[in-house]
Amino acid sequence: MDKLQDLAVAIVVAIITWGLTTLARRRADREAERTALQDQADTFVVAVADVQAAASVARQLYEGWPQRAAVGLLAALAAGGAAARTRALGAADNLSLIAGLGATAPILSSARQTSQRYTASIREPMHRLATAAAPLLRHHDEHLAGAADDLFNAVTRTQQPEAVEAARERFARELARVLRPRRLWRRSSR
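Everything in this summary refers to the structure shown in the same document.

Basis of the calculations
- Residues numbered from 1 in each chain as written.
- Predicted model: local features only at pLDDT ≥ 70, side-chain atom pairs only at ≥ 80, totals over all residues.
- Heavy atoms only, no water.
- Patch = residues over 30% accessible without salt bridge, like charges linked within 9 Å, V, L, I, M, F, W, Y side chains within 5 Å.
- Areas by Shrake-Rupley, 256 points an atom, 1.4 Å probe, with all protein chains shown as cover.
- Salt bridge = Lys/Arg side-chain N within 4 Å of Asp/Glu carboxyl O.
- Helix = DSSP H or I, 4+ residues; strand = E, 2+ residues; numbered from the N terminus.
- Buried < 20%, exposed > 50% of the residue type's maximum accessible area, 1.4 Å probe, protein only.
- Core = buried A, V, L, I, M, F, W, Y, C linked by side-chain atoms within 4.5 Å.
- Contact = heavy atoms within 4.5 Å.
- Phe/Tyr/Trp six-rings, centres within 6.5 Å; stacked < 30°, edge-to-face > 60°.

Regarding a nonpolar patch on the surface
There is a patch of nonpolar side chains on the surface, built from Met1, Leu4, Leu7, Ile11 and Ile15 and spanning about 580 Å² of accessible area. Residue placement: Ile11 occurs in helix H1 (residues 2-62).

Topic: the pattern of salt bridges
Tallied over the full model, the rule gives eight salt bridges. Glu124 is the partner of Arg128 in a salt bridge, and the nearest nitrogen-oxygen pair spans 3.5 Å. Here the residue Arg128 and the residue Glu124 both occupy positions in helix H3 (residues 93-137), the gap between them amounting to four residues, near one helical turn. Between Asp141 and Arg177 there is a salt bridge whose closest N-O contact spans 2.6 Å. One end of the pair, Asp141, is in the loop between H3 and helix H4 (142-158); the other, Arg177, is in helix H5 (residues 161-179), with 36 residues separating them in the sequence. What makes Asp141 buried here is its relative accessible area of 16%. Look at Arg177 and you get partly exposed, because its relative accessible area is 32%. Taken together, the shared-partner salt bridges connect Asp50, Glu124 and Arg128 into one network.

Brief notes about the nonpolar core
The nonpolar side chains of soluble globular proteins are, as a tendency, buried together. Membership of the largest hydrophobic core comes to 22 residues, with the highest contact counts inside it found for Phe44, Leu129, Leu151, Val155, Phe171 and Leu175. Looking at this core element by element, the count peaks at seven residues for H4. If we skip the residues at most four places from it in the chain, Phe44 touches Leu129, Ala132, Ala133, Leu136, Ala148, Leu151, Phe152 and Phe171.

Digging into the environment of Ala163
Relative to the elements of secondary structure, Ala163 occurs in helix H5. Look at Ala163 and you get partly exposed, because its relative accessible area is 28%. Distance in space between the C-alpha atoms of Ala163 and Gly19 is 48 Å, their sequence separation being 144 residues.

Re the side chain of Thr104
Following the sequence through the fold, Thr104 ends up in helix H3. Setting aside chain neighbours within four positions, we find Thr104 in contact with Ala75 and Ala79.

Focus on the packing of aromatic side chains
Each aromatic ring pair is specified by the distance between its two centres and by the angle formed by the two planes. Counting across every chain of the model gives one aromatic pair. On the basis of an interplanar angle of 65 degrees and a centroid distance of 5.3 Å, the ring pair of Phe44 and Phe171 is categorised as edge-to-face. Placement of Phe44 in helix H1 and of Phe171 in helix H5 is noted, with a sequence separation of 127 residues between them. By relative accessible area, which is 0% here, Phe44 ends up buried.

Scope: geometric values only; no functional claims are made or implied.
Here it is as structure tokens:
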């Protein structure tokens, strides 16, 4: 009879040990998933900020009416100067006009190269953003994946601060919801 009791106790201890080990392993797996998701989200948020900063700096340096006005003014001054020089040498009006237009070519070419530098300056941050967004867009939680997609689209397509901020807030809410630890039991409200 003692052997049966010892066997029963051993079986119960083995089952309890197995259950506790499984529970601890699942908890560790959930914590590792949470940590990985938090790292992915941090990388994504940093990439969003990087794209916004690069786009803002590039817009200030390469786009907008001040840049266009400066290019136009430089082209007009170059055209006027070249036309006046050729006119002073006794050339006809047609030749003066052609000389003026020819003088604007290097300035307009430089403006085009500047525009290409703008495109190149934003390419790398956009690549980092797309790379950071990929695992979040494939996340099994549809709401989190949708929020990440909305934020990605707001940054890459609209560049409107209100839309980006609203998408960022939604992403933060969904991320907090997914990262919130689940309880095995609920406390009764008294």
